[in-house]
Amino acid sequence: MKTPARTSAKTTRATLALDKAGIRHGLHVYAYDPDAPRIGLQAAEALGVDPGRVLKTLMASVDGRTVCLLVASDKEVSMKRVAAAFSGKAASMLKPADAERLTGYHVGGISPLGQKRPFPTAIDAGSLTDPAAEIHVNGGGRGLQIRLTEGDLVGVLNALVVPLA
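Calculation notes
Residues numbered from 1 in each chain as written. Predicted model: local features only at pLDDT ≥ 70, side-chain atom pairs only at ≥ 80, totals over all residues. Heavy atoms only, no water. Salt bridge = Lys/Arg side-chain N within 4 Å of Asp/Glu carboxyl O. Helix = DSSP H or I, 4+ residues; strand = E, 2+ residues; numbered from the N terminus. Buried < 20%, exposed > 50% of the residue type's maximum accessible area, 1.4 Å probe, protein only. Core = buried A, V, L, I, M, F, W, Y, C linked by side-chain atoms within 4.5 Å. Contact = heavy atoms within 4.5 Å. Pairing = 2+ DSSP bridges. Axes fitted to C-alpha atoms, helices over the stretch in contact; angles between N-to-C directions.

Asker: Whenever I open this one, the pattern of salt bridges confuses me. Can you help?
Answerer: Any two side chains of opposite charge can pair, given that their charged atoms come close. The final tally for this structure, using the stated rule, is five salt bridges. Between E150 and R53 there is a salt bridge, and its shortest N-O distance comes to 2.7 Å. Separated by 97 residues along the polypeptide, E150 in helix α5 (residues 150-157) and R53 in the loop between α2 (39-47) and β2 (55-62) bring together distant segments of the chain. Residue classification places E150 among the buried positions, given a relative accessible area of 2%. The partner of R101 in a salt bridge is D98, with the nearest N and O atoms 3.3 Å apart. Separated by three residues within a single helix, R101 and D98 lie in helix α4 (residues 96-103), roughly one turn from each other. Owing to a relative accessible area of 27%, D98 belongs among the partly exposed residues under this scheme. One continuous salt-bridge network, built from bridges that share partners, spans R38, K56 and E76.

Printed below as a string of structure tokens:
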């Protein structure tokens, strides 16, 4: 996979984080639809990619601690499993305004990479197939996806891989 040359419009904190870590990746721009009922599914369709290969980024709270979750765009997370993944009792999704403030990204463009500060991250085990397989995550802007290997994503995020869906 070749890292394409970037213009400033395609450089985000997420792409800079991958560059700094030396991780090869590709960028894919698509027509973002803010009215789509499920943004991750809209991204998969726009890119012509299986929805299971596009991970959505969700921000949650477990016993008052902010965490980042990644799950295939065609799956839903179980708050019970999220709490268990982080050894907590209760989990809930963050309000959009809180997610934006904490990550520095806008909803619909929240990337797990290059957030204002790192948060403990978990990736749904059922959304991963092979460390060498390619996966897509939000690139830090609406209508921008990053393609990289599952293994590189888990490694750069130092993520837990646990059942979340």
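Asker: Looking at this structure, I do not really get the nonpolar core. What am I missing?
Answerer: One broad rule of soluble globular proteins: the nonpolar side chains tend to lie buried together. In terms of nonpolar packing, the biggest core is built from 26 residues, with L55, V137, I146, L148 and L153 touching the most fellow members. Going through the elements one at a time, α1 (13-21), β2, β3 (65-72), α4, β6 (134-138), β7 (144-149) and α5 are the ones with two or more residues in this core. If sequence neighbours within four positions are ignored, L55 has contacts with L70, V71, A72, S73, I123, S127, I135, H136, V137, N138 and L153. Counting 15 residues, the second-largest nonpolar core is a separate cluster that includes A60, L69, V77 and F86.

Asker: Would you explain the sheet that holds strand β1 (residues 26-29) in this entry?
Answerer: Adjacent strands of a sheet pair through backbone hydrogen bonds, lying either parallel or antiparallel. The antiparallel open sheet is built from three strands, whose spatial order is β1-β7-β6. Across the chains shown, the open sheet's two edge strands, defined by having one partner strand only, are β1 and β6. Going from strand to strand, the sheet's axes swing by 30 degrees on average, the running direction of each strand aside. Pairing analysis gives four bridges linking β1 to β7, with the strands arranged antiparallel. Among the inter-strand pairings, G26 is bridged to a residue of β7, identified as R147. Of the strands in this sheet, β6 and β7 touch α5, which is tilted by about 100 degrees from β7.

What is shown is where atoms sit, not what they do.
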